[in-house]
Amino acid sequence: MERRNFIKNSALAMALLSIYKTDVFAQQALMRAYNFKPLRNNVGIFTEQGGTIGWLNSSNGFVVVDAQFPTSAPHVIEELKKLGEKPFKYLINTHHHGDHTAGNISFKGLAEKVVAHQNSLVNQKRAAEKANNLDKQLLPDTTFGTKWTAKVGDENIKAYYYGSGHTNGDAVYHFEHANIAHVGDLVFNRKFPYIDRENGAHIGNWITALDKILAQFDKDTLFIWGHSLDPEKVTGNKADVKAFQNYLQNLLTFVSGEIKAGKSKEDILKASSIPNATEWKGDGIQRSLGAAYDELKGV
Ligand SMILES: [Zn+2]
Ligand SMILES: [Zn+2]
């Protein structure tokens with residue numbers, strides 16, 4: 001059963017519908033503010049704004065992976081509470097970026113434990129100190145270096161850390177019985193990724209990390225992506241992981257070829273697609289090109 005939220009202000013809804021009354025798809029998009037959707041074995045996703053949230057509704061409590069923003073986090077809490085009066089055992093962060101952790105604060109006094117990789121905590125704290133909004137954070141109280149596991153109800157959750165990728169603090173969380181892995185921003189599905197070199201991102205190691213993910217999981221694993229060009233495709237399989245790895249490889253190949261051809265960084269940043277990875281689209285190709293250039297130049 002999929003539950004969607006509808007615009008509660010009927011006057012606003014009617015005004016919007018009158019504009020789009022001939023377009024049933026536009027109507028549906030307007031009326032859908034968020035999407036709370038079960039996948040399998042009591043594990044599901046929530047999308048509204050920012051990184052995709054994963055959740056587990058187990059017999060003895062809830063687990064939430066990532067928290068989006070303080071404006072959207074209360075909606076996933078509200079939907080889970082409708083499923084029963086149970087404790088929120090864990091709030092888990094895939095990494096520190098605000099579109100995954102700013103909503104942590106909505107779990108204050110609610111989540112029994114907040115879990116993240118140790119570098120994610122360091123990065124979140126540093127970013128908050130810089131932005132002078134430490135008071136608006138709920139920081140992880142449980143961190144790990146390489147491994148973390150938890151048993152919640154009849155589900156086992158296992159964390160994996162593969163070194164630097166999108167940042168230096170990205171972890172993958174596997175719901176073993178459901179065989180669902182939330183990879184956070186280690187995969188941008190057909191969408192140009194953010195590559196956060198300031199926080200330890202490394203494209204070369206990211207490619208290696210994706211190799212490890214491909215070796216770790218099997219053909220039945222259902223993956224949750226942090227971001228997708230098509231908002232309906234925030235989940236996928238190993239072929240999508242491989243396709244994103246191919247994007248990163250072709251990005252490095254393209255930029256290193258341009259450097260060897262004597263092009264300036266400014267000229268390289270003008271490219272509008274990556275050869276042999278043209279499925280990747282959206283805003284922000286410059287972030288990929290600039291990060292690849294700096295990494296290859298050792299800046
Ligand atoms: Zn993100
Ligand atoms: Zn991110």
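Residues numbered from 1 in each chain as written. Chains lettered and ligands numbered in written order. Predicted model: local features only at pLDDT ≥ 70, side-chain atom pairs only at ≥ 80, totals over all residues. Heavy atoms only, no water.

Draft legend 1. Layout of the coordination of the zinc ion (ligand 2). Within the protein, His-95 (NE2), His-97 (ND1), His-166 (NE2) and Asp-185 (OD) serve as the donor atoms for the zinc ion (ligand 2), at 2.1 to 2.2 Å. For the zinc ion (ligand 2), the four donor atoms in the first shell make angles of 90 to 169 degrees at the metal, a pattern classed as irregular. In primary sequence terms, the donor set of the zinc ion (ligand 2) follows H-x1-H-x68-H-x18-D. Here the zinc ion (ligand 2) and the zinc ion (ligand 1) are spaced 3.4 Å apart, linked through Asp-185, which binds each one. Placement of the pair is His-97 in the loop between strand S6 (88–92) and helix H4 (98–101) and Asp-185 in the loop between strand S12 (180–182) and strand S13 (188–189), with a sequence separation of 88 residues. Taking the relative accessible area as the measure of exposure, His-97 reaches 7% and is therefore buried. Given the relative accessible area of 2%, Asp-185 is considered buried. (Donors = N, O, S within 2.8 Å, 3.2 Å for Na, K, Ca; no water. Tetrahedral: all angles 85-135°; square planar, octahedral: opposite > 155°, others 65-115°. Helix = DSSP H or I, 4+ residues; strand = E, 2+ residues; numbered from the N terminus. Buried < 20%, exposed > 50% of the residue type's maximum accessible area, 1.4 Å probe, protein only.)

Draft legend 2. Up close: the packing of helix H7 (residues 238–260) against helix H9 (residues 285–297). Relative to each other, H7 and H9 sit at 65 degrees, their axes nearing to 9 Å. Remark: the crossing between H7 and H9 carries right-handed chirality. Side by side, H7 and H9 meet where Tyr-247, Leu-251, Leu-252, Phe-254, Val-255, Ser-256 and Ile-259 of the first sit next to Ser-288, Leu-289, Ala-292, Tyr-293, Leu-296 and Lys-297 of the second. Considering only residue class, the contact of H7 with H9 consists of ten nonpolar, two polar and one charged. (Axes fitted to C-alpha atoms, helices over the stretch in contact; angles between N-to-C directions. Left-handed = near helix turned anticlockwise from the far one by under 90°. Contact = heavy atoms within 4.5 Å. Nonpolar A, V, L, I, M, F, W, Y, C, P; charged D, E, K, R; others polar.)

Draft legend 3. Just the pattern of salt bridges, in detail. This structure, assessed with the given rule, holds eleven salt bridges. The salt bridge involving Glu-79 is made with Lys-82; its shortest N-O contact spans 3.2 Å. What makes Glu-79 buried here is its relative accessible area of 2%. Put simply, Glu-258 and Lys-263 hold a salt bridge, and the shortest N to O gap is 2.9 Å. Among the residues examined, Glu-258 registers a relative accessible area of 15% and is labelled buried. Taken together, the shared-partner salt bridges in this structure form one network comprising Arg-190, Asp-240 and Glu-279. (Salt bridge = Lys/Arg side-chain N within 4 Å of Asp/Glu carboxyl O.)

Draft legend 4. Main features of the packing of aromatic side chains. Inspection of the entire model under this criterion finds 16 aromatic pairs. Judged by centre distance (4.9 Å) and plane angle (50 degrees), the rings of Phe-62 and Phe-88 are tilted. Of this pair, Phe-62 sits in strand S5 (residues 61–65) while Phe-88 sits in strand S6, placing them 26 residues apart in sequence. Pair check on accessibility: Phe-62 and Phe-88 agree, each one buried. Ring plane angle 5 degrees and centroid distance 5.7 Å describe the contact between Phe-223 and Trp-225, whose orientation is recorded as stacked. Its relative accessible area of 0% is what places Trp-225 among the buried residues. Taken together, the aromatic side chains of Tyr-160, Tyr-162, Phe-217, Phe-223 and Trp-225 make up a single cluster linked through ring pairs. (Phe/Tyr/Trp six-rings, centres within 6.5 Å; stacked < 30°, edge-to-face > 60°.)

Draft legend 5. Just the coordination of the zinc ion (ligand 1), in detail. On the protein side, the zinc ion (ligand 1) has Asp-99 (OD), His-100 (NE2), Asp-185 (OD) and His-227 (NE2) as donor atoms, found 2.0 to 2.2 Å from it. Around the zinc ion (ligand 1), the four donor atoms sit at angles spanning 87 to 167 degrees, and that spread fits a shape best called irregular. Counting gaps between the donor residues of the zinc ion (ligand 1) yields the pattern D-H-x84-D-x41-H.

Draft legend 6. Seen up close, the sheet that holds strand S10 (residues 155–161). Strand order in the open sheet formed by six strands is S9-S10-S11-S12-S14-S16, and the pairing between neighbours is mixed. Looking at which strands have only one partner, the edges of the open sheet turn out to be strand S9 (147–152) and strand S16 (235–236). The pairing of S12 with strand S14 (residues 222–224) spans three bridges and is classified as parallel. Counted as the bridge partner of Ile-180 is Leu-222 from S14. (Pairing = 2+ DSSP bridges.)

Draft legend 7. Quick peek at the pairing of strand S11 (residues 171–175). Within S11, five of the five residues are buried, which leaves it mostly tucked inside the rest of the structure. The alternating pattern of S11 places Ala-171, Tyr-173 and Phe-175 and Val-172 and His-174 on opposite faces, both of which are buried. Pairing between S10 and S11: five bridges, direction antiparallel. Bridge assignment links Tyr-160 to a residue of S11, and that residue is Val-172. Note: S11 against S12, three bridges, orientation antiparallel. Directly across from Tyr-173, in S12, lies its bridge partner His-182. Between S11 and S12, which pair antiparallel and follow one another directly, the connecting turn spans four residues, one of which, Asn-179, has a positive phi of 55 degrees.

Draft legend 8. Broad picture of H7. Here H7 contains 23 residues, and its C-alpha end-to-end distance of 33 Å stays within 8% of the 33 Å for a straight helix at 1.5 Å per residue. Between a side-chain oxygen at the N-terminus of H7 and the backbone nitrogen of Ala-239 the separation is 3.0 Å; the capping residue is Asn-237. Count one or two residues on from H7 and you reach Gly-262, which has phi positive near 85 degrees. (Expected span 1.5 Å × (residues − 1). Polar contact = N/O pair within 3.5 Å; in protein donor to acceptor, adjacent residues only side chain to side chain.)

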